[in-house]
Amino acid sequence: MKHFILFVALCLHYPLLAQTKLRGLGSLTIALTPTDSLNKHVFLEDDQSYVKGTIALPCTHIRSFTASNVLIEGVRVTAISIYFYDDRLFRISCDYSDALKKVFTAKHGQGLTRTPYTTRLCSGEPGKPMLIEGEVWLQDDVVALAVQSTGYTSNCERENKRRLDIASQRLLALSSDCELRNVDQVLIEFDRFEKQHSTIHPEKN
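Note that the structure is a prediction, hence the values are computed from the model and not measured. (Residues numbered from 1 in each chain as written. Predicted model: local features only at pLDDT ≥ 70, side-chain atom pairs only at ≥ 80, totals over all residues. Heavy atoms only, no water.)

### A short note on the side chain of Arg91
- Structurally, Arg91 can be placed in strand β7 (residues 88-95).
- For Arg91, a relative accessible area of 10% translates into the label buried.
- Here Asp165 takes part through its side chain, which lies 3.1 Å from a polar atom of the side chain of Arg91. (Helix = DSSP H or I, 4+ residues; strand = E, 2+ residues; numbered from the N terminus. Buried < 20%, exposed > 50% of the residue type's maximum accessible area, 1.4 Å probe, protein only. Polar contact = N/O pair within 3.5 Å; in protein donor to acceptor, adjacent residues only side chain to side chain.)

As structure tokens, then:
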């Protein structure tokens, strides 16, 4: 109940949080789009995902596909990965270009801005931090994160990147034991930070 009251209060304080129902991107609809609807000439299936920490236990419920670029709502979306749980789309991750940001925020308004923070993904060399900042949208079971990363990756390479991630919280929780393919490390870090500092993620039973 406490979490629900907080969510209602946030929605009242930020009326632009959900101008249009947050369901995905274009025809890619969370919890509805099946794998057989994909253009297989555009979306290529990734290798099998495995249970975290193993190389022999496949996550048979999970399939993922990647496209270098695809046209969505008149915008050229790049480096897009989509994930299915039992043939239901549960996660979309892609580059968050200025053009996509314009379309996305026109439909859903500005997200809740998170305070920028610095972390260290590059453990091998001192003095190479990563600055992470972002926005969060939440509606029903669907959460969207727009994350800007500036600094050094876990490979100690310089990065200046902006990614958009849209997912079903329920199906994401069901897949949490699996090592999903092509998920950006900064998104994992931002998601971890969100779980520690906010209530947008439901508790597991």
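The discussion continues.
### Here we look at the sheet that holds strand β11 (residues 158-168)
- Strand order in this open sheet of eight strands is β3-β5-β6-β7-β11-β10-β9-β8, and the pairing throughout is antiparallel. Looking at strand neighbours, the two that pair on one side only are β3 (44-45) and β8 (112-119), the edges of this open sheet.
- On top of the sheet, helix α2 (residues 98-108) reaches β6 (75-85), β7, β9 (130-139), β10 (142-152) and β11; it is set at about 35 degrees to β11, its chief contact. (Pairing = 2+ DSSP bridges. Contact = heavy atoms within 4.5 Å. Axes fitted to C-alpha atoms, helices over the stretch in contact; angles between N-to-C directions.)

### Examining the environment of Pro34
- Within the secondary structure, Pro34 is located in the loop between β2 (28-29) and β3.
- Classification of Pro34 as partly exposed rests on a relative accessible area of 25%.
- Sequence spacing of Pro34 and Arg88 is 54 residues, and the spatial spacing of their C-alpha atoms is 5.3 Å.
- For Pro34, the contacting residues outside a window of four places in its chain are Phe84 and Asp87.

### What about the environment of Asn155?
- Summarising the element assignment, Asn155 is placed in the loop between β10 and β11.
- Taking the C-alpha atoms as reference, Asn155 lies 8.0 Å from Leu121; in sequence the two are 34 residues apart.

### Examining the nonpolar core
- Counting 27 residues, the largest nonpolar core has Ile80 and Ile82 as the members making the most contacts within it.
- For this core, the secondary-structure elements that each account for two or more residues are β5 (62-72), β6, β7, α2, β10 and β11.
- Per element, the largest residue contribution to this core is five residues, and it comes from β6.
- Not counting residues up to four positions away in its chain, the partners in contact with Ile82 are Leu28, Leu38, Phe43, Arg63, Ser64, Phe65, Leu89, Arg91 and Ile92.
- The next biggest cluster of nonpolar side chains, apart from the first, holds 13 residues, and it includes Met130, Ile132, Leu145 and Phe193. (Core = buried A, V, L, I, M, F, W, Y, C linked by side-chain atoms within 4.5 Å.)

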